Amino acid sequence: MKLLFFGYSLLTMCTVSGYANAQQTMSNKKVLIVYFSRTNNTKAIAEIIHQQVGGKLVALELQNSYPANYQAIVAQVAKEDESGFLPPLKTEIDSIEKYDVVFIGFPTWGMQLPPPIKSFLKQYDLSGKTVVPFNTNAGYGVGNCFDTVKKLCPKSHIPEGFSIKGGIERDGVLFVMKGEKEEEATVKIKSWLKKVNIL
Ligand SMILES: Cc1cc2nc3c(=O)[nH]c(=O)nc-3n(C[C@H](O)[C@H](O)[C@H](O)COP(=O)(O)O)c2cc1C
């Protein structure tokens, strides 16, 4: 009987300490959420993720901002994609090495990763970290964005990314991530975070 009780106590202790360790591991992770957003849809998604996982939230800003006019920005981005130009960032991340998990948010631009995100991923070494991409787009999907994140972070662990329809600037539809759409996004984000073992 004594032996049985001892066995049970040991099992309970192991289970409890295992649980505590799992909790500790999650809460010990340092999280950075970096995003680039023009019409604030990706920003809204970044803020929902931030509410769920905490950490440091940073908006990427450029040294020279893009034109406000839609046709002008489309033309400029097409040129940058073709030449491989990496727009210099105004934002600096202090001690990137201290983060374990780096979320990276961006809209789809010309079915590609926006040049400022390419600048960020080329400038900062995310080797050994978990890099979690998220995206908004006008309904045409992520294009090759997630594949490019993988290419630019060959030594990072990259779980399945999150993508949701945002604005359609071409048609004058700018910020949509409010009301029911924001609620829908929150539900989808929570279930995605669980699926990729972050929540
Ligand atoms: C220069 C530019 C190019 C875009 N190209 C695409 C595209 O190829 N496919 C797509 O679905 N949406 C495209 N969009 C629409 C954005 O991805 C969409 O509106 C997104 O939600 C904007 O995010 P933001 O509000 O965070 O800036 C483009 C928008 C801009 C400004």
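Look a little higher up for the structure.
Here, residues in each chain are numbered from 1, in the same order as that chain's written sequence. Given that this is a predicted model, residues contribute local features only at a pLDDT of at least 70 and side-chain atom pairs are listed and counted only at 80 or more, while totals for whole chains, interfaces and linings are drawn from all residues. The side-chain quantities take in all heavy atoms of the structure and omit both hydrogens and water.

Asker: What's the story with the overall build of the chain in this structure? I'm lost.
Answerer: Per the convention used, a helix needs a DSSP run of H or I reaching at least four residues, while a strand needs a run of E reaching at least two, with both numbered from the N terminus. Scanning the chain for helices and strands turns up 6 helices and 5 strands. The helix and strand sequence of the chain, counted from the amino end, reads α-β-α-β-α-β-α-β-α-β-α. Throughout, exposure labels follow a simple rule: accessible area from a 1.4 Å probe, protein chains only, divided by the maximum for the residue type, with under 20% read as buried, over 50% as exposed, and the rest as partly exposed. The proportion of buried residues among the 199 residues of the chain is 40%. Whether two residues touch is decided by their heavy atoms; if any such pair falls within 4.5 Å, the residues are in contact. Here the analysis covers contacts within the chain between residues at least 6 apart in sequence; of these, 79% occur between residues at least 24 apart.

Asker: How should the nonpolar core be read in this particular structure?
Answerer: As a rule of thumb, nonpolar side chains are buried together in soluble globular proteins. Grouped together as the largest cluster of nonpolar side chains are 30 residues, with contacts concentrated most on Ile93, Ile104, Phe120, Leu121 and Leu126. Contributions of two or more residues to this core are made by strand E1 (31–35), helix H3 (70–83), strand E3 (101–107), helix H4 (115–123) and helix H5 (145–152). Apart from the residues lying within four places of it in its own chain, the contact partners of isoleucine 93 are Leu32, Val34, Val58, Tyr99, Phe120 and Tyr124. To form a nonpolar core, buried Ala, Val, Leu, Ile, Met, Phe, Trp, Tyr and Cys residues must be joined to one another through side-chain atoms within 4.5 Å. Formed by 21 residues, the second largest nonpolar core is a distinct cluster that contains Ile33, Phe103, Phe162 and Ile198.

Asker: Whenever I open this one, the layout of surface pockets confuses me. Can you help?
Answerer: Rolled over the atoms, a probe as big as a water molecule pinpoints where empty space is left. Only protein atoms enter the 1 Å grid, on which a cavity is a set of points fitting a 1.4 Å probe that cannot get out and a pocket is an open set with protein on both sides within 12 Å along at least 5 of 7 lines, lining residues being those with an atom within 4 Å of a point. Grid points are joined across faces, edges and corners, and a volume is the space filled by probe spheres set on the points. Considering only enclosed or pocket space, the largest pocket measures out at about 620 Å³ in volume. If you trace the largest pocket, you find 30 residues lining it, with Tyr70, Thr108, Trp109, Gly110 and Ala138 closest to the centre. Mapped by element, the contributors of at least two residues to the lining of the largest pocket are helix H2 (41–53), H3 and strand E4 (130–137). Among the elements that take part in the lining of the largest pocket, H3 stands out by supplying 6 residues, more than any other. Nonpolar residues are Ala, Val, Leu, Ile, Met, Phe, Trp, Tyr, Cys and Pro. Charged residues are Asp, Glu, Lys and Arg, and all others, Gly as well, are polar. By residue class, the composition of the lining of the largest pocket is 13 nonpolar, 13 polar and 4 charged.

Asker: Is there a simple way to think about H5 in this case?
Answerer: Within H5, the full set of buried residues consists of Cys145, Phe146, Thr148 and Val149. For H5, the buried positions fall inside an angular range of 160 degrees around the axis, keeping them on one side. Considering only its buried residues, H5 is in contact with E3, H4, E4 and strand E5 (162–165). Relevant arc is that of directions from the helix axis to the C-beta atoms, nothing else.

Asker: Hey, could you run me through the site of the ligand in this one?
Answerer: In the vicinity of the ligand there are 21 residues, among which Ser37, Arg38, Thr39, Thr42 and Met111 approach most closely. One of the backbone N or O atoms of asparagine 41 is found 2.8 Å from an oxygen atom in the ligand. Pairs of N or O atoms within 3.5 Å make up the polar contacts considered here, provided that, within protein, one atom can donate a hydrogen while the other can accept it, and that residues adjacent in sequence are counted only when both atoms are side-chain atoms. In this structure, an oxygen atom belonging to the ligand sits 3.2 Å away from a main-chain N or O atom of tyrosine 140. Residue-level accessible areas treat just the shown protein chains as cover; the underlying method is Shrake-Rupley with a 1.4 Å probe. Starting from 640 Å² of accessible surface for the ligand in isolation, the protein chains cover 94%. Among the elements of the structure, H2, H3 and E4 are those that each provide at least two residues to the shell around the ligand. Residue composition of the shell around the ligand, by class: 7 nonpolar, 12 polar and 2 charged. When we say a residue is near a molecule or strand, we mean one of its heavy atoms is within 4 Å of it.

Asker: What exactly am I supposed to notice about the environment of valine 53 here?
Answerer: Relative to the helices and strands, valine 53 resides in helix H2. Among the residues examined, valine 53 registers a relative accessible area of 22% and is labelled partly exposed. Considering only alpha carbons, one finds valine 53 and leucine 32, 21 residues apart in sequence, at a separation of 9.8 Å. Those residues in contact with valine 53 that sit more than four places away from it in its chain are Val31, Ile33, Phe103, Leu193, Ile198 and Leu199.

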